[in-house]
Amino acid sequence: MTSVVRCWIKNLEHMREDTQNVSIIAVIIVKSQPRFFDGDEQQRGVLNMTLRDTVKDTINCTIWGTRESIMSTNENFRCGQVVNVVGARISQEDASVYRPKTSSSYVMILSDARGKIMQYIGTGENFSRLLHIPLKPQGLMLSLMDVNSKGELVSAEFVDLMVIVRMIRPLREIKTRMGKITHCREIIVMDRTFPGMLLTFWGKDDNERIDQWKPLETCLHLYDVKSDYSTYYRSVILTYCSRTVILDAVRGPEVDDLREFAANVPPIERFSFECNDLPCPDEIRNVMTIQQIQDRAEGYLMGNEEQFTAVIYATVVFDLDASNRRIVTERCPVCKQIVEGGCPEANCASVQFQMEATQRNLVAFEIFMSLTDHTGSLPYCRLMSSAAEKLLEMSPEDFLKLPPELRTQLKWQTILERCTVKVVVRKKSIYRPRMWIGIVECSVAAPEDVIRSIKVY
């Protein structure tokens, strides 16, 4: 008779290493990226999952097979799905650092020749509810401040955290030094103790799951997430790895408290041409060259400050008459997305309904400038909308009424002229993958001011 054993630790404790034909019903809480290698006759692969069938009991499951079967399994099963594992072989767990830690001392093994994994036919409510229960007590989890306090001393340490998503960046394609194409997804997470820490995902397998997360709403329980000090960001960062477990649907008072705290946290630079926290132009007096700005932001003069200001005497280049670029945008006042008329988001529509007609949408200039002096160039500097109105001497609404020939004439009044440009420079960080430069004032410079103030270096 085929032995059927539930994946409860009390049963697994009585198993022998040679136990055969084990079957369980459980929910997938981790699914790794498939790995492939060349076999004798065809390419083969392996896929690892971590299963949970009670509040306390988890076990790893390793699936071997041809490339086609592994790809099919990877596409057909996802985290949070209830499955039925039939006819698995049991082996002693080797305490691998490449798989999540589990309560079981065994690992289940499936292959093309033995055992299979199937979608569970039934409601599966008793198993799906496990996704709402943390794996470990809340008191055993660290805070982001605890992790960050070690600074440069942090090196490949694995920690347990409860955090909330603050910002999600789009998927990026990266070419490695060996010429291989890989993908990267970065999110910013926070808790009550720390405003933001970078969490990186490599590969595309978790992309669909991440797309379901909502900033300032989705709470993540991270188990054995890797923490390291990044010399690039000059801060501690987190990395999702093969031994990390993420639960994104846990319920409880701690989760509710964190969501309530996050509800009062402002979004991160969602509208880069309209910043209310920038210094007043009259307060910016420190004259610098472009080379000095680059050295202070990213080079040997870099300090610990997050931002600094400068006055640059530079020639400017920008576009006002290009047909393929937005110069003036209309944005929803709630979510800040570009819209044409009303915002399609239901929540935004209900808020806008309560606003006065003149406050329905935000209309602003969004102009990029390139600055050049005798030491170098700074491309993609953002001309703040208020500075653009002062430079062009008109509002965005009036600009939209101009015919193309008048827009061109307006551009040539300033382009390639030596200007006095007052900028705010924000260094790259976990919030910003590259240096951010905002122009708060721009005007054509008097020759005597340039001669008196311009620096050699």
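Placed above this text is the structure.
First, a word on what this report is: a plain description of the structure on this page. (Residues numbered from 1 in each chain as written. Predicted model: local features only at pLDDT ≥ 70, side-chain atom pairs only at ≥ 80, totals over all residues. Heavy atoms only, no water.)

Brief notes about the overall build of the protein chain
From N to C terminus, the protein chain includes 12 helices and 21 strands. Per-residue burial for the protein chain yields a buried fraction of 47% across its 457 residues. Here the contacts in the protein chain between residues at least 6 apart in sequence split such that 68% fall between residues at least 24 apart. Accessible surface computed for the protein chain: about 24300 Å², of which carbon and sulfur atoms make up 50%. (Helix = DSSP H or I, 4+ residues; strand = E, 2+ residues; numbered from the N terminus. Buried < 20%, exposed > 50% of the residue type's maximum accessible area, 1.4 Å probe, protein only. Contact = heavy atoms within 4.5 Å. Areas by Shrake-Rupley, 256 points an atom, 1.4 Å probe, with all protein chains shown as cover.)

Here we look at the sheet that holds strand β21 (residues 436-444)
Here we have 5 strands rolled up into a closed barrel, ordered β15-β18-β19-β21-β20, and mixed in their pairing. Averaged over neighbouring strand pairs, the angle between their axes works out to 50° when direction is ignored. Bridging between strand β15 (residues 307-317) and strand β20 (residues 418-426) involves 9 bridges; their strand directions are antiparallel. Looking at the pairing, T315 lines up with R418 of β20. (Pairing = 2+ DSSP bridges. Axes fitted to C-alpha atoms, helices over the stretch in contact; angles between N-to-C directions.)

Concerning the pairing of strand β18 (residues 367-373)
Residues of β18 alternate between two faces, with I367, M369, L371 and D373 buried on one and F368, S370 and T372 left unburied on the opposite face. Where β15 and β18 come together, 3 bridges link them in antiparallel fashion. The residue bridging T315 from the neighbouring strand is T372, located in β18. The sheet contact formed by β18 and strand β19 (residues 376-383) spans 6 bridges and is antiparallel.

As for the environment of S385
Within the secondary structure, S385 is located in helix α9 (residues 385-392). The exposure class assigned to S385 is buried, which follows from its relative accessible area of 1%. It is 9.3 Å that separates the C-alpha atoms of S385 and V363, two residues lying 22 residues apart in sequence. Of note is the side chain of S385, whose polar atom sits 3.1 Å from the backbone nitrogen of F365. (Polar contact = N/O pair within 3.5 Å; in protein donor to acceptor, adjacent residues only side chain to side chain.)

A few points about α9
Within the sequence span of α9, burial applies to S385, A387, A388, L391 and L392. Within α9, the buried residues cover an arc of 155° as seen down the axis, which keeps them to one side. Among the exposed residues of α9, those oriented more than 90 degrees off its buried face are S386 and K390. For α9, the elements touching its buried residues are β17 (362-365), β18, β19, α11 (404-412) and β21. (Arc of directions from axis to C-beta.)

Focus: the state of the cysteines
Simply put, disulfide is the name for a covalent bond between the sulfur atoms of two cysteines. One pass over the full model with this rule turns up 0 disulfides. Residue C442 stays outside any disulfide, its sulfur separated by 4.2 Å from that of C419, the closest cysteine. (Disulfide = S-S within 2.5 Å.)

Some points on the pairing of strand β5 (residues 82-92)
For strand β1 (residues 22-31) and β5, the ladder comprises 5 bridges, and the chain directions are antiparallel. From the neighbouring strand, V27 faces β5, where its bridge partner is V82. Bridging between β5 and strand β7 (residues 116-119) involves 4 bridges; their strand directions are antiparallel. If you follow V85 over to β7, its bridge partner there is I117.

Remarks on the nonpolar core
Among the nonpolar cores identified, the biggest contains 46 residues, and L371 and V423 are the most heavily contacted of them. Elements with a contribution of two residues or more to this core: α7 (290-298), β15, β18, β19, α9, β20 and β21. Broken down by element, this core gets its largest block of residues, 7 residues, from β15. Those residues within four positions of V423 in sequence are excluded, and the remaining contacts are I284, I293, F308, T309, A310, I312, L371, I437, G438 and I439. Membership of the second largest hydrophobic core comes to 44 residues, among which are M162, V163, V245 and V250. (Core = buried A, V, L, I, M, F, W, Y, C linked by side-chain atoms within 4.5 Å.)

Focus: the pattern of salt bridges
With the rule as written, the count across this model stands at 16 salt bridges. Here R172 and E186 are joined by a salt bridge, their closest N and O atoms 3.3 Å apart. One end of the pair, R172, is in strand β9 (residues 172-175); the other, E186, is in strand β10 (residues 181-190), and 14 residues separate them in sequence. For R172, a relative accessible area of 39% puts it in the partly exposed group. (Salt bridge = Lys/Arg side-chain N within 4 Å of Asp/Glu carboxyl O.)

Re the side chain of N48
Within the secondary structure, N48 is located in strand β3 (residues 43-52). In this structure N48 comes out as buried when scored by relative accessible area, which is 12%. There is a polar contact of 2.7 Å between the side chain of N48 and the side chain of T62. Not counting chain neighbours up to four residues away, the residues in contact with N48 comprise V30, K31, S32, R35, C61, T62 and R99.

Details of the environment of K422
Position of K422 relative to the elements: it lies in strand β20. Of the residues examined, K422 reaches a relative accessible area of 13% and is grouped as buried. Taking the C-alpha atoms as reference points, K422 and I312, separated by 110 residues in sequence, lie 6.3 Å from one another. Non-local contacts of K422, meaning those with residues more than four positions away in its chain, are made with P281, D282, I284, A310, V311, G438, I439, V440 and E441.

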